[in-house]
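# Coordinates in review
As a plain string of letters, each chain reads:
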Amino acid sequence: MVRGKHILITGGLGGFGAPIADALAAGGAHVIIFDQAAAAQPDTFQVDVSDETAVAAALEKIDRVDVLINCAGEIYSEPLVNLLKKERHHRSSWDRVLNNNLSTCFNMSVQVAQKMVSRRVPGIIINFSSIAACGNAGQAAYSAAKAGIEALTTVIAKEMGMFKIRAVAIAPGFIDTPSTRQALNEGLRDYWIKQTPLRQLGKVEDIVSTVRYVIACDHLSGCTIPVNGALSI
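What counts, and at which threshold
Residues numbered from 1 in each chain as written. Predicted model: local features only at pLDDT ≥ 70, side-chain atom pairs only at ≥ 80, totals over all residues. Heavy atoms only, no water. Patch = residues over 30% accessible without salt bridge, like charges linked within 9 Å, V, L, I, M, F, W, Y side chains within 5 Å. Areas by Shrake-Rupley, 256 points an atom, 1.4 Å probe, with all protein chains shown as cover. Salt bridge = Lys/Arg side-chain N within 4 Å of Asp/Glu carboxyl O. Helix = DSSP H or I, 4+ residues; strand = E, 2+ residues; numbered from the N terminus. Axes fitted to C-alpha atoms, helices over the stretch in contact; angles between N-to-C directions. Left-handed = near helix turned anticlockwise from the far one by under 90°. Contact = heavy atoms within 4.5 Å. Buried < 20%, exposed > 50% of the residue type's maximum accessible area, 1.4 Å probe, protein only. Arc of directions from axis to C-beta. Polar contact = N/O pair within 3.5 Å; in protein donor to acceptor, adjacent residues only side chain to side chain. Parallel < 35°, antiparallel > 145°, perpendicular 65-115°, else oblique. Nonpolar A, V, L, I, M, F, W, Y, C, P; charged D, E, K, R; others polar. Phe/Tyr/Trp six-rings, centres within 6.5 Å; stacked < 30°, edge-to-face > 60°. Lys NZ or Arg CZ within 6 Å of the ring centre and 35° of its normal.

Taken together, the side chains of Leu 80, Val 81 and Leu 83 make up a nonpolar region of the molecular surface, amounting to roughly 360 Å² of accessible area. Within the secondary structure, Leu 80 is located in the loop between strand 4 (67–70) and strand 5 (81–82).

What follows is the structure, given as structure tokens:
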């Protein structure tokens, strides 16, 4: 399924990216990582994937990409209006969150798609959305970025399908990762567990399994796969 494929993962040292990278490498894939953090390991590049020029320079060092997995991003919460502090949502945080989540995905997707087309072989682009794409109160910027990723994924699938390039978004709900525990206090985690029909947080392995499925299914494109324990129904 993944053996022999050259798979590029952005945010490949993070909470989702690292276990995905490990699992795909264990399956025989040649895994390449772009991450802002430095790491002294093979095929790992320190790249700011929101920087178009930096992405282009890093891709010049790579001959082949069969699968792109866009994991880079940040979870962020900020109310539209904070009555206690007499503040409104800061434009600077809005710009940063859209840049770190949506612009990174755009930069990588268009440049890797161009590379795939030039090789004239099938390719796959997997983007990470979130249940927040439906619109989470207190997460205006993050929700907007993730909704944008779903729309971008649809556009990629429509435009690039003629070149046999598939595009799929994965939209996790609340997954038990360090970033989730940092973003939600224990009370909020308990609240969302109770709201979820399966009454549990998801596991990182659930996300890894979904990535494997997307890669394996050759007729899957242009959709968003929710992995949220039925929270969205």
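Don't stop here, the text continues.
This part is about the packing of helix 2 (residues 52–59) against helix 3 (residues 91–119). Look at helix 2 against helix 3: their axes get within 10 Å of each other, and the N-to-C directions meet at 35°. Our pair here, helix 2 against helix 3, has a crossing hand that is right-handed. The residues of helix 3 that touch helix 2, namely those facing Glu 52, Val 55, Ala 56 and Leu 59, are Asn 107, Met 108, Gln 111, Val 112 and Lys 115.

A few words now on unusual backbone geometry. In this model, Lys 86 sits at a positive phi of 55°, which is unusual for a non-glycine residue. Examined against the element boundaries, Lys 86 turns out to sit in the loop between strand 5 and strand 6 (87–88). When its relative accessible area of 78% is taken as the criterion, Lys 86 is described as exposed. Even without being glycine, Ala 230 reaches a positive phi, approximately 75°.

To continue, consider helix 2. Among the residues of helix 2, those classed as buried are Val 55, Ala 58 and Leu 59. The buried residues of helix 2 all sit within an arc of 95° when viewed along its axis, so they share a single face. Buried residues along helix 2 sit against strand 1 (6–10), strand 2 (30–35) and helix 3. Of the residues that open helix 2, the one with a side-chain oxygen 3.0 Å from the backbone nitrogen of Thr 53 is Asp 51.

What follows is about the packing of helix 3 against helix 4 (residues 140–160). Between helix 3 and helix 4, the shortest axis-to-axis distance is 8 Å and the interhelical angle comes to 15°. The orientation of helix 3 with respect to helix 4, classified from their angle, is roughly parallel. Here helix 3 runs over helix 4; the crossing is right-handed. When helix 3 is examined against helix 4, the residues Trp 94, Val 97, Leu 98, Asn 101, Leu 102, Cys 105, Phe 106, Ser 109, Ala 113 and Val 117 are found in contact with a partner set consisting of Ala 140, Ala 141, Tyr 142, Ala 144, Ala 145, Lys 146, Gly 148, Ile 149, Leu 152, Ile 156 and Met 160. Tallied by class, the residues present in the contact of helix 3 with helix 4 amount to 17 nonpolar, three polar and one charged.

Glancing now at the packing of aromatic side chains. Scanning the model with the defined rule gives four aromatic pairs in all. Ring geometry for Phe 34 and Phe 45: centres 5.7 Å apart, planes at 80°, overall edge-to-face. On the criterion of sequence distance, the pair formed by Phe 34 in strand 2 and Phe 45 in strand 3 (residues 44–46) is long-range, its members being 11 residues apart. Above the face of the Tyr 76 ring, Arg 96 is positioned so that its terminal group lies 4.8 Å from the ring centre.

Function cannot be inferred from these measures alone, as they are strictly geometric.
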